[in-house]
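Structural characterization, general
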Amino acid sequence: MSSLLPAAPRFRLSKPEWLDSPKVLRTEVLAGLVVALALIPEAISFSIIAGVDPAIGLFASFTMAVVISVVGGRKAMISAATGAVALVIAPLNQEHGLGYLIAAVILAGVFQVLLGAVGVAKLMRFVPRSVMVGFVNALAVLIFMAQVPEMRDVPWAVYPLLAGGLALMVFFPKVTKVIPAPLVSIVVLTVITVAAGIAVPTVGDKGELPSSLPVPGLPDVPFTLDTLTTIAPYALAMALVGLMESLMTAKLVDDITDTRSNKTRESIGQGVANIVTGFFGGMGGCAMIGQTMINVRVSGARTRLSTFLAGSFLMVLCVVFGPVVSDIPMAALVAVMVMVSVATFDWHSISPRTLKRMPLGETIVMVTTVVVVVATHNLAIGVVVGTVAAMIIFARRVAHLANVSGVVDPDGKQVVYSVTGELFFASSNDLVHQFDYKGDPDDVVIDLSGTHIWDASSVAALDAIETKYAQRGKKVTIVGLNEPSADMHQRLAGQLTGGH
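My aim in this report is to walk through the structure given alongside it, one point at a time. Just so you know, the residues in each chain are numbered from 1, in the order the chain's sequence is written. Since the coordinates come from a predicted model, pLDDT governs what is reported: local features require at least 70, and pairs of side-chain atoms require 80 or more to be given and counted, while whole-chain, interface and lining totals use all residues. Side-chain calculation: all heavy atoms of the structure are included, whereas hydrogens and water are not.

Considerations on the overall build of the chain
Threshold: Secondary structure counts use DSSP, requiring at least four H or I residues in a row for a helix and at least two E residues in a row for a strand, with both numbered from the N terminus. The cut-offs for exposure are 20% and 50% of the maximum accessible area for each residue type, with area from a 1.4 Å probe on protein chains only; residues under the lower value are buried, those over the upper are exposed, and the others partly exposed. Throughout, a residue-residue contact means that at least one pair of heavy atoms, one from each residue, lies within 4.5 Å. For the area figures, the Shrake-Rupley method with a 1.4 Å probe applies, and any residue is considered shielded solely by the protein chains shown. A positive count includes Lys and Arg, and a negative count includes Asp and Glu. His and the chain ends are not counted in either. The atom standing in for a charge is NZ when the residue is Lys, CZ when it is Arg, CG when it is Asp and CD when it is Glu.
The number of helices and strands found in the chain is 19 helices and six strands. Principal axes of the C-alpha set define a box for the chain whose edges measure 100 × 60 × 50 Å. For the chain, the proportion of its 500 residues judged to be buried stands at 52%. Residue pairs in contact within the chain that sit at least 24 positions apart in sequence constitute 84% of those at least 6 positions apart. As displayed, the chain has an accessible area near 23400 Å², and 65% of this comes from carbon and sulfur atoms. In the chain, which carries 33 positive and 34 negative side-chain charges, the distance between the mean positions of the two groups comes to 9 Å.

Here is the structure:
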C-alpha cells in the first residue's frame, strides 16, 4: 500500500546561492523591494474585494510570503493575498463576518495540506500545453485589465507619468541592469510628483496602511459543528482555487527558469502558509502570478530570499515608511504592471506563422481558455474548462484511429479481422459496425494484438459483436490480447448487460 502513496516532500538543507555571490544577493534584495512596493496597492485592492480592512490583506501578504519562502516548493515564487481567493471568501465575510472568514482560511489551509499529502499536484500532468499557453495569455490580459480603472477618470498628469514610467523600464536596462528598472521607475516618478506637487492618485488613496505588526490569535467564532458546516464549502473552494493557481504558476516559473520545483511540497506549503496566515488574522492567499513575474522575469530573482524579503519589506514599508509609501503615485505601479502584462503574454502563440502550423484543435483550446478566464476573471475555471475541451478534442481525434481489416482464408472457411488502435468509449462505438456479419464465414477470428482495451465500453462492444455473429450461428474467437486487456475482458465479458 505504501508504494501507492506520494513520497513525502524532502526538505534538504543546502547553502543558499546568495551567500556566495554579492551579485545574486543584490538581485534578490532589489527584486524583493520592487515586489513589496507592487504588493501594497494590490493587497489593499483585494481587501476591498473581500470586504475587509486593508490591514487584513496586507497582513496576509506578509505572512504568506514569509512562510512560503521557507516551506514552499518553488523558489522565487511570490504568494500573497489574491483576487481569486478574495472573490471566493467575500460572500462568507458579508454573511457571517470576519471571524468566519479567518476560520475558513485556516480550514482551507488544512484542506491544502491534506490534498498535497495525497498527491493532488500530480494532476498537473493532465494540463496540456495549449491550456498552459492560454493560461499565460489570459493572465497577461487580466493583469492589463486590472490597470485600466487606474487610467480612467484621472488627472491628465497621470498619462505623461505613465508614459515616462514605461519609457524608463524599456530604456534603463540598456544603460545598466544593476538596479531593476521597475524600482528606478517607481523612485523617479515618486520624486517628480512630490517635488513638483503634482496632484495624482497615490497608494495612500487606496487605504490606510497598518502601523503595527500582526498578532497571533484564534478566530472569533463558536467552535461548533454548525460553524464547520458553514465555513467548509468556502474553505474547500478556496483550497482548490489556491492550489490550482499556485501549481500553474509554479509550472510557469519552471519553464521560465528551466528548473524543476517540488509541486507536492508547494501544495503542502500553501496549506501551511494559509494556516499561519489565518492565525495571524489574514485573509489567506495563494501564488500571485503578476508579482511572481515581476520577481522572476522582470527583476531576475531565482532564490527564496527574494520571496522572504518581499514579505518582510512589505511590513517594513507599511509600518516604518508608511507616509513615504503613501506618496507613491499609482501611475508608477500601473506602469510596472503594464510592462509585466506585455512581458507575460506569449506573442509567438498568436503570430500568423504559428497559427498556420498549429493544429486547429490546439488553437481552439488556447482561445477557449483565454475567453473563459477573461469572462469569469477566474484562472482556475479557465484551466478546468480548457483542459476538458482539450480532452474532448483529443478523444474525438483518437476515436477514429481504431481500424479493422479482414482477410478471408483461401478455402473460405475462416475470416481473420485485425484491429489496430486504441479501444475506449469513443472509438469502440464505431467498432461494432465494421464487421460483415451476414457475409462472413462461420469461423471468425478477431486479432487484438495491435490494440489495447481501456474500458468497459470496449468490452461491451466486443460482446455485441459476438452476439451479432452468434445470432447467425457463427463462432467468434478473440486472440492476441495483452495481459491487462485480457484481464479486463475476462472479468467483464458477458457481465455488462442484463441479458447475460
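Some remarks on the packing of helix H5 (residues 129–147) against helix H13 (residues 330–344)
Stated precisely, the cut-off is as follows: Working convention: axes come from line fits to C-alpha atoms, limited for helices to the stretch in contact. Angles between N-to-C directions cover 0 to 180 degrees. Here the word oblique covers every angle except those under 35 degrees (roughly parallel), over 145 (roughly antiparallel) and from 65 to 115 (roughly perpendicular). The crossing is said to be left-handed when, going from far helix to near helix, the turn is anticlockwise and less than a right angle, and right-handed when the turn is clockwise. Ten residues, namely Ala, Val, Leu, Ile, Met, Phe, Trp, Tyr, Cys and Pro, are considered nonpolar, four, namely Asp, Glu, Lys and Arg, are considered charged, and the remaining ones, Gly among them, are considered polar.
The contact between H5 and H13 brings their axes to 8 Å, and the two run at 160 degrees. Classified by the angle their axes make, H5 and H13 are roughly antiparallel. For the pair H5 and H13, the sense of crossing is left-handed. Where H5 abuts H13, its residues Val 136, Leu 139, Ala 140, Ile 143, Phe 144 and Gln 147 lie against Val 334, Met 337, Val 338, Val 340, Ser 341 and Thr 344. In terms of residue class, the contact of H5 with H13 is built from nine nonpolar, three polar and no charged.

Comments concerning the nonpolar core
Note the following rule: Buried Ala, Val, Leu, Ile, Met, Phe, Trp, Tyr and Cys residues that are joined via side-chain atoms within 4.5 Å together make up what is termed a nonpolar core.
Ranked by internal contacts, the top residues of the largest apolar core, which has 110 residues, are Ile 40, Leu 58, Phe 135, Met 283, Ile 294 and Leu 314. With residues up to four places along the chain from it excluded, the contact list for Leu 314 reads Ala 36, Leu 39, Ile 40, Leu 58, Ser 61, Phe 62 and Leu 309. Ala 402, Phe 435, Tyr 469 and Met 488 belong to the second largest nonpolar core, which has 22 residues in total.

Focus on the sheet that holds strand S4 (residues 414–423)
Here is the rule: A pair of strands counts as paired when DSSP detects no fewer than two bridges linking them.
Taken together, the four strands give an open sheet; going across it, the order is S3-S4-S5-S6, and neighbouring strands pair in mixed fashion. Among the strands making up the open sheet, the edge pair consists of strand S3 (403–408) and strand S6 (475–479). The sheet shows a mean angle of 20 degrees between the axes of neighbouring strands, direction not considered. Two strands pair when backbone bridges link them, and S3 and S4 are joined in this way by six bridges, in the antiparallel orientation. Looking at the pairing, Ser 405 lines up with Ser 418 of S4. Along the sheet, helix H18 (residues 456–470) contacts S4, strand S5 (443–453) and S6; its crossing angle with S5, the most-contacted strand, is approximately 175 degrees. With respect to the sheet, helix H19 (residues 483–492) is in contact with S5 and S6, its orientation differing from that of S5 by roughly 120 degrees.

Observations regarding the state of the cysteines
Applicable threshold: The disulfide definition used here is simple: a pair of cysteine sulfur atoms within 2.5 Å.
All told, the structure shown has zero disulfides when counted by the stated rule. For the unlinked cysteine Cys 286, the closest cysteine sulfur is that of Cys 318, found at 20 Å. Accessibility expressed as a relative area gives 0% for Cys 286, which makes it buried. You can call Cys 318 buried: its relative accessible area is 3%.

Brief notes about the pattern of salt bridges
Counted only if it meets this: Here, a salt bridge means any Lys or Arg side-chain nitrogen found within 4 Å of an Asp or Glu carboxyl oxygen.
By the definition in use, this model includes four salt bridges. A salt bridge links Arg 74 to Asp 254, with the shortest nitrogen-to-oxygen separation between them at 2.6 Å. In this pair, Arg 74 sits in the loop between helix H2 (54–71) and strand S1 (79–80) while Asp 254 sits in helix H8 (residues 225–257), placing the two residues 180 residues apart along the sequence. Side by side, Arg 74 and Asp 254 carry an identical accessibility label, which is buried. In this structure, the salt-bridge partner of Asp 487 is Arg 491, at a minimum N-O distance of 3.2 Å. Of this pair, Asp 487 and Arg 491 both sit in helix H19, four residues apart, which is roughly one turn of the helix.

Here's the deal with unusual backbone geometry
Positioned with a positive phi, Asp 153 is a non-glycine residue whose angle comes to about 55 degrees. Take Asp 153: it is sitting in the loop between H5 and helix H6 (158–175). For Asp 153, a relative accessible area of 82% translates into the label exposed. One non-glycine residue, Asp 258, lies in the positive phi region at around 60 degrees. Residue placement: Asp 258 occurs in the loop between H8 and helix H9 (263–279). Looking at Asp 258, the relative accessible area reads 71%, which means it is exposed.

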